[in-house]
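Chain by chain, the residues:
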Amino acid sequence: MVTTPVAPAAAQTKYEPVIGLEVHVQLLTKTKIFCGCSTQFGNPPNTNVCPVCLGLPGALPVLNRQAVEYAVLAAMALNCEIRENSIFARKNYFYPDLPKGYQISQYDKPIAEHGYIEINAGGGRKRIGITRLHMEEDAGKSLHDGLPDSNDWTSIDLNRSGTPLIEIVSEPDIASPDEAWEYLTRLKEIILYTGVSDCNMEEGSLRCDANISVRPVGQQKLGTKTEIKNVNSFRFIRQALEYEIDRHIQVLRSGETITQETRLYNAGEGRTYGMRSKEQAHDYRYFPEPDLLPLVVDEAWRQQIAAKLPELPEAKRKRLVERYGITEADAATLTRTQAMADQFEEAALAAKNPKRVANLVQAELLGRLKANNLEIEQSPISMKGVAISADLVESGAISGKILKDLYVLAFERNEDFPAIYEKEKPQQITDTSAIEKMIDEVISANPKQLEQYRAGKKTVAGFFVGQIMKASKGQANPALVNELLTKKLDG
Ligand SMILES: [Zn+2]
């Protein structure tokens, strides 16, 4: 903690953070980027290896075509320009889990550049630039604990060595920890829609480093930056950035300077620690990889890949709002995964009132799925079932209360809605005189509301319907209640 007395002028200076993010995404290819070894996660240590990914002398890399297609697909989804000729380069550094002594990456000619992601920020939309997207191989893994002799040794597992990655580097356009969180959320969503990665953070398929500096508001020149490495959740990245911004401001206010360095975030303590001084690009002595030809992605190949680009989340939300009359908030929830969006759309097309389907999915289905720890693909109630149930409520054949009860049963018995409905079809009160009797009782018990209604406040009818449905324990036929009530009130 800095305790140097604060100079009054500096204390009044307002500071703003400048944030850039580097995200590594593991591509879902079956084999590694430069050899035929499996990329399967969780196999016994050092079983998915060969001379190439072990870095043995003389072994030659062969580029995986599928990895290139996935990288280009991701780049297109992120609005990047695809470079026709890109170059693989050696990034030289020593690390125990990097047996070659260099990593094959891309440097001054990456496969894609100049993209962007749109995020919600400050009540509007903001574009965060993507400087570059390049391909590279992953290193192995040092295991410091979990093995019987971990107290004495660090072990190396090279299964991950040579796994294909893309690194997505943003412009320093991000102005707050919240914007960083939003950027990462949108980025992950887009990558998931393209299907090129599972973005599983626990298994390391998506990793994020954050660069952060702070400068006085109004100053053009960027402040000295620090880098926060390998934070394993978006929430922790937001917390680490918040901590780091405060730390920078305190250091600057005390009249000291920020050291350019790499820092680690300790989530338990909620603070960052200096790890090592930050390398500069020239420290890596990049040079073109002599064992690989320049990568050529020509127009024909680009077009083939572009044809595989799915409808992306932003476009899908816009279309669902326009086509089905649902709100933007509905669309945001219903497009959280591609599977959910597809399922919603299937039901919306089958049902009479898509808006009701949207409400049902959110109010009755998603919460129950979450409570039962189920994905939408595992829902006992199919989207066809949701559509049928929505139509039953729409036509007044069942009330909202009965629908709720039937959904509870469907989850309890793990059966779809139509089956439950057939068996448990509610005994509806459709006897006109019985319903009229209930209506009379409710009206005479609520003279004030009746007066309001007759004075022109027609919305009070909803209050009466609610009371009548309650009196009938949810069993009165809602359509009939509406019809008879209107007659009574207006008659
Ligand atoms: Zn291999």
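The structure under discussion appears in the preceding block.
Being a predicted model, the structure only gives us computed values, none of them experimental.

Caption draft 1: Quick peek at the overall build of the protein. Of regular secondary structure, the protein possesses 16 helices and 16 strands. Relative to the compact-globule value of 23 Å for 491 residues, the protein shows a C-alpha radius of gyration of 30 Å, a clear excess of over 25%. Overall, the C-alpha framework of the protein stretches about 90 × 65 × 55 Å when taken along its three principal axes. Buried positions account for 47% of the 491 residues belonging to the protein. Within the protein, counting contacts between residues at least 6 apart in sequence, those at least 24 apart form 69% of the total. Accessible area of the protein: about 24,700 Å², with a carbon and sulfur share of 52%.

Caption draft 2: Representation of the pattern of salt bridges. Using the criterion set out here, one finds 40 salt bridges in the structure. Residues Lys-355 and Asp-330 are paired through a salt bridge, measuring 2.7 Å at the closest nitrogen-oxygen approach. Pair noted here: Lys-355 is in helix α9 (residues 354-371) and Asp-330 is in helix α7 (residues 328-334), with a separation of 25 residues, a long-range link. On the accessibility criterion, Lys-355 (27% relative accessible area) is partly exposed. The partner of Asp-490 in a salt bridge is Lys-458, and the shortest N-O contact between them spans 3.9 Å. In this pair, Asp-490 sits in helix α16 (residues 478-490) while Lys-458 sits in the loop between α14 (447-454) and α15 (460-471), placing the two residues 32 residues apart along the sequence. On the basis of relative accessibility, which here comes to 47%, the residue Asp-490 falls in the partly exposed class.

Caption draft 3: Highlighting the state of the cysteines. Under the defined criterion, the tally for this structure stands at 0 disulfides. A disulfide-free cysteine, Cys-80 has its sulfur positioned 15 Å from the sulfur of Cys-199, the nearest such atom.

Caption draft 4: Quick peek at empty space enclosed by the protein. Per the counting criterion, the structure on display carries 1 cavity of 30 Å³ or more. Each pocket or cavity is described by its volume, and for the largest cavity that value is around 40 Å³. If you trace the largest cavity, you find it lined by Cys-53, Leu-98, Pro-99, Lys-100, Tyr-102, Glu-137, Asp-138, Ser-161 and Gly-162. The class makeup of the residues in the lining of the largest cavity is 4 nonpolar, 2 polar and 3 charged.

Caption draft 5: The arrangement of α9 in detail. Compared with the 26 Å implied by 1.5 Å per residue over 18 residues, the 25 Å span of α9 between its first and last C-alpha is a close match. In α9, a bend of some 35° at Val-361 exceeds every other bend along the element. Those residues of α9 that sit buried are Pro-354, Val-357, Ala-358, Leu-360, Val-361, Glu-364, Leu-365, Leu-366, Arg-368 and Leu-369. Those residues of α9 hidden inside the fold are in contact with α6 (313-324), α7, α8 (338-350), α10 (383-394) and α11 (400-413). Two or three places before Lys-355, at the start of α9, stands the capping residue Asn-353, its side-chain oxygen 3.1 Å from that residue's backbone nitrogen. Once α9 finishes, Asn-373 follows within two positions and takes phi at roughly 60°, a positive value.

Caption draft 6: Local environment of the coordination of the zinc ion. Looking at the zinc ion, the protein donor atoms are Cys-35 (SG), Cys-37 (SG), Cys-50 (SG) and Cys-53 (SG), and they sit 2.3 to 2.4 Å from it. Metal-centred angles of 99 to 116° between the 4 donor atoms at the zinc ion mark the site as tetrahedral. Positions of the donor residues of the zinc ion, expressed as sequence spacing, correspond to C-x1-C-x12-C-x2-C. One end of the pair, Cys-37, is in the loop between β1 (15-26) and α2 (65-77); the other, Cys-50, is in the loop between β1 and α2, with 13 residues separating them in the sequence. No difference in accessibility class separates Cys-37 from Cys-50, as the two residues are buried.

Caption draft 7: Structural detail: the sheet that holds strand β4 (residues 88-92). Pairing within the open sheet is antiparallel, and its 3 strands lie in the order β5-β4-β15. What marks the edges here is a single partner per strand, and that holds for β5 (102-106) and β15 (287-288). Here 2 bridges tie β4 to β15, and the two strands are oriented antiparallel to one another. What sits directly across from Ala-89, in β15, is Pro-288.

Caption draft 8: Up close: the packing of helix α13 (residues 432-445) against α16. Where α13 contacts α16, the two axes come as close as 10 Å, and the packing angle between them is 55°. For the element pair α13 / α16, the angle class is oblique. Every pair of crossing elements has a handedness; the one defined by α13 and α16 is right-handed. Residues Thr-432, Ile-435, Glu-436, Ile-439, Asp-440 and Ile-443 of α13 touch α16, and the partners they reach there are Leu-480, Val-481, Leu-484, Leu-485, Lys-488 and Leu-489. Class assignment for the residues of the contact of α13 with α16 results in 8 nonpolar, 1 polar and 3 charged.

Caption draft 9: Structural detail: the nonpolar core. Membership of the largest hydrophobic core comes to 72 residues, with the highest contact counts inside it found for Leu-78, Leu-133, Met-135, Ile-168 and Tyr-183. Tallying contributions element by element places α2 first for this core, with 10 residues. Not counting the four nearest positions on each side in its chain, Ile-168 is found in contact with Leu-21, Glu-22, Val-23, Val-25, Leu-78, Ile-130, Arg-132, Leu-133, Tyr-183, Leu-187 and Ile-191. If you look at the next biggest cluster of nonpolar residues, it comprises 36 residues, including Ile-326, Ile-381, Leu-392 and Leu-403.

What counts, and where the lines are drawn
- Residues numbered from 1 in each chain as written.
- Predicted model: local features only at pLDDT ≥ 70, side-chain atom pairs only at ≥ 80, totals over all residues.
- Heavy atoms only, no water.
- Helix = DSSP H or I, 4+ residues; strand = E, 2+ residues; numbered from the N terminus.
- Rg over C-alpha atoms; globule rule 2.2 N^0.38 Å.
- Buried < 20%, exposed > 50% of the residue type's maximum accessible area, 1.4 Å probe, protein only.
- Contact = heavy atoms within 4.5 Å.
- Areas by Shrake-Rupley, 256 points an atom, 1.4 Å probe, with all protein chains shown as cover.
- Salt bridge = Lys/Arg side-chain N within 4 Å of Asp/Glu carboxyl O.
- Disulfide = S-S within 2.5 Å.
- 1 Å grid on protein atoms, 1.4 Å probe; cavity = no way out; pocket = protein on both sides within 12 Å on 5 of 7 lines; lining within 4 Å.
- Points joined across faces, edges and corners; volume = space filled by probe spheres on them.
- Nonpolar A, V, L, I, M, F, W, Y, C, P; charged D, E, K, R; others polar.
- Expected span 1.5 Å × (residues − 1).
- Bend = angle between axes of the 7 residues up to and from the residue.
- Polar contact = N/O pair within 3.5 Å; in protein donor to acceptor, adjacent residues only side chain to side chain.
- Donors = N, O, S within 2.8 Å, 3.2 Å for Na, K, Ca; no water.
- Tetrahedral: all angles 85-135°; square planar, octahedral: opposite > 155°, others 65-115°.
- Pairing = 2+ DSSP bridges.
- Axes fitted to C-alpha atoms, helices over the stretch in contact; angles between N-to-C directions.
- Parallel < 35°, antiparallel > 145°, perpendicular 65-115°, else oblique.
- Left-handed = near helix turned anticlockwise from the far one by under 90°.
- Core = buried A, V, L, I, M, F, W, Y, C linked by side-chain atoms within 4.5 Å.

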